[in-house]
Amino acid sequence: MRILVATHNYPRFAGDRAGAFVARLAAAAAGAGHVVRVVAPHAPGAPERERMDGVDVVRFRYAPERWERVGYRGDLHRQRATTLLGALGVPAFLLGFRRTLRRELRNFSPDVVHAHWWFPAGWLATSLATVPVVVTIHGSDARLIDRGGAMRRLAGRVLGRAAAVTTVSKFLADDVLGQLPDLATPVLVAPMAVDVDHFATGRGVPKAVPPRVLYAGNLVPSKGVDVLLRAIAGLREAGVACRLKVLGEGPLMAELRTLAATLGIADSVDWAPFVQQDAMPAEYGASTVTVLPSRGRAEGLGLTLVEALLAGSAVVGTPAGGIPEVVRPSETGLLASDGDAGDLAAQIRTLLEDEALRERLTAAGDAMARSTFAPRAAAQRFLDLYTSVATSRPPRR
């Protein structure tokens, strides 16, 4: 089978975390004997064409290299026309994406297209392809539907034209169907693959002293890192020994650093940019607790927590989005109330101080992660779906 993948997020170099879950799925399909090609945005320093893990990657250009900053920032779905990047960069990005996707549909002649995120990839793919399109919703794109009006109508048209829609969690599936109750296209829950053996190597890494609390992700409002900083301030005031490591990048970096200084915990927080995928098992492994303090409905699932459990780190999340599908309270981790720094501090403290509980939850979380997110099982769900839509639904004309 010939599979064309369309995505706005894909690894730019070996070990890059950006879109790594998309790459794992594409590589697994190629490893199973299928021919896979990916269309993704170009980024500074990346080749326009290359072969990664048996997959042909085509990166579209949309601006002079130093201005190619639309993808890979974690905020594509928050761009507004009122910003210079939104007014100029996004339209050029969409034109470049459309032009390259059209060309690859013609030249590659796929049997099926897999579009990750309904916008922009799903929108473009369902507009251009004459073969079945599978659209996967990851989370941030579901929040676009919340805007209602024209955006909700557009989502309905895009998903209605897809041969199948998948989501990475049951929360997202229920959310999409709740907002688009007339959607006739089947919506299936199909989690992304995680390299379980890779992250398991973190179990051999000694824990940091004093105990480390880790956040790894984008520095954007929906992630709730400000709440985590206030929780760490509370722990410090209570005399709990720990340090926080914030591993990530994003538009709130300066604001969050200022908040840490204002709270008097600047000397208890270590800041670091994103690291390559190869380095993440050690980051998780050295951490006693990994926290994902997301707000509201913004978190599609929370793969960071899956990776952490595999590496031997206990986890704390919030009820945001699909997180409870990974963090089952008192079974695989602990949940804190959304936006409540005091409760978050209490949950972190419990795991820092109760070694037996920490080990029990982490072991159960590891078993859950292996049974649900192992690459072969995750990839096979999608391969079966590709075969089904390619053989049962005639191409659109």
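Above this text sits the structure in question.
Heads up: these notes are all about the structure in this document.

1. A short note on the sheet that holds strand β3 (residues 49–52)
Ordered by their spatial adjacency, eight strands build an open sheet running β3-β4-β2-β1-β5-β6-β7-β8, and the pairing between neighbours is mixed. In the strand order of this sheet, the two ends are held by β3 and β8 (187–189), each with one partner. Ignoring which end each strand starts from, the neighbouring axes of this sheet average 25° apart. Bridge count for strand β5 (residues 112–116) against strand β6 (residues 133–137) is four bridges, and the pairing is parallel. Residue pairing in the sheet places V113 in a bridge with V133 of β6. Against the sheet, helix α3 (residues 118–128) contacts β1 (2–6), β5 and β6, and its axis sits at roughly 170° relative to β6.

2. Let's talk about the sheet that holds strand β14 (residues 334–335)
Strand order in the open sheet formed by six strands is β11-β10-β9-β12-β13-β14, and the pairing between neighbours is parallel. Both edges of this open sheet fall to β11 (269–272) and β14, since each of them pairs with a single strand only. Here strand β12 (residues 289–291) runs beside strand β13 (residues 314–317); their pairing, made up of three bridges, is parallel. If you follow V291 over to β13, its bridge partner there is V316. With respect to the sheet, helix α8 (residues 225–237) is in contact with β9 (212–216), β10 (243–247), β11 and β12, its orientation differing from that of β9 by roughly 170°.

3. Things to note about the layout of surface pockets
Of the voids in this model, the second largest pocket is the one considered here, and its volume is about 360 Å³. Contributing to the lining of the second largest pocket are 18 residues, with G15, A23, R24, D53 and Q277 lying nearest its centre. If one sorts the elements of the lining of the second largest pocket by residue count, helix α1 (residues 20–31) sits on top with four residues. Classifying every residue of the lining of the second largest pocket by side-chain character gives nine nonpolar, four polar and five charged.

4. Regarding the environment of I145
The topology assignment puts I145 in helix α4 (residues 140–145). Considered as a pair, I145 and Q179 are 34 residues apart in the sequence and their alpha carbons are 7.4 Å apart.

5. Examining the pattern of salt bridges
With the rule as written, the count across this model stands at 25 salt bridges. Residue R61 pairs with E68 through a salt bridge whose shortest N-O separation is 2.8 Å. R61 sits in the partly exposed class, given a relative accessible area of 28%. Here R143 and D146 are joined by a salt bridge, their closest N and O atoms 2.5 Å apart. On the basis of relative accessibility, which here comes to 30%, the residue D146 falls in the partly exposed class.

6. Notes on the side chain of S294
Its place among the elements puts S294 in the loop between β12 and α11 (303–310). Owing to a relative accessible area of 0%, S294 belongs among the buried residues under this scheme. Beyond its immediate stretch of four places on either side in the chain, S294 contacts S222, K223, E299, T318, A320, I323 and D338.

Reading the values: the criteria
Residues numbered from 1 in each chain as written. Predicted model: local features only at pLDDT ≥ 70, side-chain atom pairs only at ≥ 80, totals over all residues. Heavy atoms only, no water. Pairing = 2+ DSSP bridges. Helix = DSSP H or I, 4+ residues; strand = E, 2+ residues; numbered from the N terminus. Axes fitted to C-alpha atoms, helices over the stretch in contact; angles between N-to-C directions. Contact = heavy atoms within 4.5 Å. 1 Å grid on protein atoms, 1.4 Å probe; cavity = no way out; pocket = protein on both sides within 12 Å on 5 of 7 lines; lining within 4 Å. Points joined across faces, edges and corners; volume = space filled by probe spheres on them. Nonpolar A, V, L, I, M, F, W, Y, C, P; charged D, E, K, R; others polar. Salt bridge = Lys/Arg side-chain N within 4 Å of Asp/Glu carboxyl O. Buried < 20%, exposed > 50% of the residue type's maximum accessible area, 1.4 Å probe, protein only.

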